[in-house]
Amino acid sequence: MSGTGEAMTAAWASLRALPHHTLADLFAGQADRPAVMTRRIAWPVEPGSAAEAGMLVDFSKTHLGDEALAAFEALTEAAGFGAARNALFGGGIVNPTEGRAATHGALRGSGTDAQVEEAEALLARMGMLVEAIHEGALGEVKHCIAIGIGGSALGPALAIDALTRDLALVDVHVVSNIDGLALEAAFRACDPQTTLIALASKTFTTTETMTNAESALKWLADNGVDDPGGRVIALTAAPDKAVEWGVDETRVLPFPESVGGRYSLFSSIGFPVALAIGMDEFRHMLAGAKAVDDHFRAAEGRANAPLLAAYADQYYTRLRGCQTRAVFAYDERLKLLPDYLQQLEMESNGKSVTASGAPVDGPTAPVTWGGVGTDAQHAVFQLLHQGTHLIPVDFIASIAPGDDLDPAHHRILLMNCLAQGAALMAGKTSDDPARAYAGDRPSTTFLVDDCDAAAFGALIAFHEHRTFANAVLMGINPFDQFGVELGKAIAKQIESGQGDFDPSTKALMEAAGLG
Ligand code: F6P
């Protein structure tokens with residue numbers, strides 16, 4: 001973002017000139033490669049405790065050798081990564097097209113004193129409301145329908161799914177789609193007399209969310225709830241709009257404008273998560289994220305795990321022409337992680353111009369996709385092993401099991417996870433071409449000690465910083481998303497019937513009864 005164009009062009013030219021080494025060559029030339037290419041980020045098991053838990057990330061099965069790492073470190077320098085990182089945590093304008101800072105780090109204590117203080121005050125306010133609700137201040141609350149979309153839904157949905165397998169203090173249903181089937185499913189699962197509505201929208205203008213909100217209030221009223229408006233909690237960076245819409249000020253939980261939607265899980269957008277898991281667990285989640293912030297701020301070059309992940313991403317996208325990257329969670333609790341990462345990475349870095357508006361120097365964000373292991377092995381891994389696409393894969397697993405069944409379940413899960421990475425790399429020769437595996441296919445493996453709230457927070461922060469680091473290396477602004485606006489505007493034109501529609505769209509409007 002703040003690098004000079006010429007220095008970056010030169011650094012990219014050196015990278016493009018690098019010779020290609022196979023994974024087998026890299027391992028043959030570096031006996032201690034697994035240790036050299038593995039990073040561990042740790043945090044206290046409990047606040048203040050000396051015992052540590054953590055996450056290791058093994059990059060050894062990527063094609064990053066010493067030469068490539070040195071060239072990426074030169075690019076890091078040329079891109080002005082250090083200054084960009086200081087700006088990120090120092091409240092500088094890192095979103096130049098909207099003239100904004102990006103202060104999601106401050107939500108977990110990583111930012112300027114003023115930002116951290118503001119975030120702590122907002123968190124304390126959210127905590128008081130969460131605890132009051134748990135203590136019955138709003139009557140009996142058994143369910144919550146959390147309405148939002150994109151960044152106001154994907155993080156909460158993932159976190160709740162991941163962290164409430166054993167216990168949910170409140171049963172939360174996240175509804176995002178405007179398709180009424182989504183809201184109807186939540187209605188079926190909730191008792192209107194004991195249901196809260198959490199209305200999450202940074203802008204408080206998003207059509208899908210506001211329409212769903214109206215329908216949810218109507219459902220409460222139709223089912224005999226006296227004061228439906230009194231059951232609404234608003235989570236927003238536009239508190240005035242929420243009040244104007246009818247939410248009582250005492251039930252509006254604001255967050256700063258400088259927190260982007262897809263970076264907002266740790267803000268009041270996380271309210272449904274806190275309602276489900278409790279404030280202590282929510283704070284553990286923040287602590288895990290903070291540990292990654294601390295690492296990301298302090299470590300340089302290849303020692304920095306999210307930056308190293310960005311080196312791998314850039315290597316595959318820009319130097320090897322990979323158009324997708326796959327993420328497989330070998331943990332049911334993280335089955336929504338690929339959906340979350342899709343927005344984080346594709347909405348942030350799916351751009352065609354640099355931060356200063358010039359055309360980019362190569363491809364930007366690949367398509368992020370994925371699934372859950374072992375299911376995906378029996379569905380899509382054929383293409384990973386023998387298809388014509390080269391697809392870098394991330395495997396994510398927890399060393400401790402989440403289930404209480406026979407330990408065989410977790411052992412088989414982990415064995416499969418490791419086997420896939422090994423198979424992709426090793427390949428297999430065969431006289432029969434249909435049975436041959438080319439091998440030399442890359443993967444990165446994340447192992448958390450235990451997939452608890454802190455590890456979860458760490459995984460999210462890791463990917464936020466990886467996304468930022470990728471943007472800096474490409475010179476693009478990851479914090480705007482103008483690409484989503486045109487479709488919204490045309491939908492409005494279709495609604496009003498006022499627009500210069502192409503013949504295909506006109507015909508479809510007729511066919512769909514929208515003409
Ligand atoms: O349309 C894209 C987007 O603006 C995302 O960036 C955002 O997370 C989502 O819509 C929801 O926006 P809001 O939180 O303002 O309702």
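Here the residue numbering is sequential within each chain, running from 1 through the sequence in written order. Residue-level local features of this predicted model are given only where pLDDT is at least 70; pairs of side-chain atoms are given and counted only at 80 or more, and the full residue set underlies all totals for whole chains, interfaces and linings. Excluded from the side-chain calculation are hydrogens and water; included are all heavy atoms of the structure.

## So, the environment of F296
- Locating F296 in the fold gives a position in helix α12 (residues 279–298).
- Residue F296 is classed as buried on the basis of its relative accessible area, which comes to 0%.
- With 211 residues separating them along the chain, F296 and R85 place their C-alpha atoms 8.8 Å apart.
- Only heavy atoms enter the contact rule, under which two residues are in contact if any of them lie within 4.5 Å. Sequence-distant contacts of F296, defined by excluding residues within four places in its chain, comprise F81, R85, F89, N304, P306, L307, H465, F468 and A469. Going along the chain from the N terminus, every DSSP run of H or I of four or more residues is numbered as a helix, and every run of E of two or more is numbered as a strand. For each residue, the accessible area found with a 1.4 Å probe, counting protein chains only, is set against the maximum for its type, and the residue is called buried under 20%, exposed over 50%, and partly exposed in between.

## Thoughts on the packing of aromatic side chains
- Stacked, tilted and edge-to-face are the three classes assigned to paired rings of Phe, Tyr and Trp, where Trp is represented by its six-membered ring and a pair needs centres within 6.5 Å; plane angles under 30 degrees give stacked, over 60 edge-to-face, the rest tilted. For the structure on display, the rule yields 15 aromatic pairs.
- With a centroid separation of 5.9 Å and 65 degrees between ring planes, the pair formed by Y330 and F395 is classed as edge-to-face. Here Y330, found in strand β8 (residues 324–330), pairs with F395, found in strand β10 (residues 393–398); they are 65 residues apart in sequence, far enough to count as distant.
- Y330 gets classed as buried once you look at its relative accessible area, which sits at 0%.
- Given a relative accessible area of 0%, F395 falls into the buried group.
- For the cation-ring pair, R33 lies above F27, with the distance from its terminal atom to the ring centre recorded as 5.5 Å. By definition here, charges over rings are those cases where NZ of Lys or CZ of Arg is within 6 Å of the ring centre and within 35 degrees of the ring normal.

## Structural notes on the nonpolar core
- Only buried Ala, Val, Leu, Ile, Met, Phe, Trp, Tyr and Cys residues count toward a nonpolar core, and they belong to the same one when joined by side-chain atoms within 4.5 Å. Core analysis: the biggest nonpolar cluster contains 104 residues, and M55, L64, F271, F282, F456 and F462 have the highest contact counts within it.
- A total of 13 residues in this core trace back to one element, the largest contributor, which is helix α17 (residues 453–474).
- An automatic or database domain assignment is the source of the domain bounds shown. If you count residues domain by domain, this core takes at least three from each of domain 1 (5–101 + 284–480) and domain 2 (112–277).
- Each residue touching F282, except ones within four places of it in the same chain, is listed here: L123, M126, L265, F266, S267, G270, V273, A274 and I277.
- Residues A186, W219, L220 and A234 belong to the second largest nonpolar core, which totals 23 residues.

## Considering the domain arrangement of the protein
- Domain boundaries in the protein define domain 1 (5–101 + 284–480), domain 2 (112–277) and domain 3 (484–515).
- When each unit is reduced to the centre of its C-alpha atoms, the spacing between domain 2 and domain 3 is 32 Å.

## Examining the sheet that holds strand β2 (residues 52–58)
- Two strands are counted as paired when DSSP detects at least two bridges linking them. Strand order in the open sheet formed by six strands is β1-β2-β11-β10-β8-β9, with mixed pairing between adjacent strands. Taken across any chain shown, the strands that pair with only one partner, and hence form the sheet edges, are β1 (38–44) and β9 (367–372). The average undirected angle you get between the axes of adjacent strands in this sheet is 15 degrees.
- Alignment of β8 against β10, held across five bridges, turns out to be parallel. Among the inter-strand pairings, V327 is bridged to a residue of β10, identified as D394.
- Where α17 meets the sheet, it contacts β1, β2, β8, β10 and β11 (443–448), and its direction lies at approximately 150 degrees from that of β11. What counts as an axis is a line fitted to C-alpha atoms, over the stretch in contact for a helix, and the angles between N-to-C directions run from 0 to 180 degrees.

## Topic: the site of the ligand
- Working definition: residue near molecule or strand if any one of its non-hydrogen atoms lies within 4 Å of it. The local shell around the ligand holds 13 residues, among which S152, S201, K202, T203 and T206 are the closest.
- Contacts described as polar in this section are N or O atom pairs within 3.5 Å, which, within protein, must combine one atom able to donate a hydrogen with one able to accept it, while residues neighboring in sequence count only if both atoms come from side chains. In the environment of the ligand, an oxygen atom lies 2.6 Å from a nitrogen or oxygen atom belonging to the side chain of S201.
- Every accessible area reported is derived by Shrake-Rupley at a probe size of 1.4 Å, with residue values counting cover from the shown protein chains alone. Isolated, the ligand exposes 400 Å² of accessible area, and the fraction of that covered by the protein chains is 87%.
- Only Asp, Glu, Lys and Arg are considered charged in this grouping, and only Ala, Val, Leu, Ile, Met, Phe, Trp, Tyr, Cys and Pro are considered nonpolar; every other residue, Gly among them, is considered polar. In terms of residue class, the shell around the ligand is built from two nonpolar, eight polar and three charged.

## Describing the environment of I197
- Along the chain, I197 turns up in strand β5 (residues 195–200).
- Exposure remark for I197: the relative accessible area of 1% places this residue in the buried category.
- Each C-alpha atom of the pair I197 and G230 lies 9.3 Å from the other, and the pair is 33 residues apart in sequence.
- Among residues more than four places away in sequence, those in contact with I197 are I145, I147, A216, L220, R231, V232 and I233.

## Notes on the packing of helix α5 (residues 81–89) against α12
- Two numbers describe how α5 lies on α12: the axes approach to 10 Å, and their chain directions differ by 145 degrees. In this structure, α5 contributes F81, R85 and F89 to the contact, and α12 contributes D293, F296 and R297.
- Counted by class, the contact of α5 with α12 contains three nonpolar, no polar and three charged residues.

## As for the packing of helix α7 (residues 154–163) against α17
- Where α7 meets α17, the closest approach of the two axes is 10 Å, and the angle between their N-to-C directions is 150 degrees. Taken together, α7 and α17 sit at an angle that is classed as roughly antiparallel. Handedness of the α7/α17 crossing: right-handed. Residues L158, A159, A162 and L163 of α7 lie in contact with α17, whose contacting residues are A453, F456 and I460.
- Along the lines of polarity and charge, the residues of the contact of α7 with α17 split into seven nonpolar, no polar and no charged. Oblique is the label for any angle not under 35 degrees, not over 145, and not in the 65 to 115 range, which are roughly parallel, roughly antiparallel and roughly perpendicular in turn. Should the near helix be turned anticlockwise from the far one by less than a right angle, the crossing is left-handed, and should it be turned clockwise, the crossing is right-handed.

## Structural notes on the pattern of salt bridges
- Put simply, a salt bridge is a Lys or Arg side-chain nitrogen that is within 4 Å of an Asp or Glu carboxyl oxygen. Across all of its chains, the model carries 24 salt bridges by this definition.
- The partner of D313 in a salt bridge is R466, with the nearest N and O atoms 2.8 Å apart. Taken together, the positions of D313 in helix α13 (residues 305–319) and R466 in helix α17 put the pair 153 residues apart, joining distant regions of the chain.
- The class for R466 is buried, based on a relative accessible area of 4%.
- In this structure, R325 engages D394 in a salt bridge whose closest nitrogen and oxygen atoms are separated by 2.9 Å. Taken together, the residues R325 in strand β8 and D394 in strand β10 connect sequence positions 69 residues apart.
- By relative accessible area, R325 is classed as buried at 3%.
- Relative accessible area serves as the criterion here: at 3%, D394 is assigned to the buried category.
- Look at the salt bridges and you will find they share partners, linking D313, R325, E345, D394 and R466 into a network.

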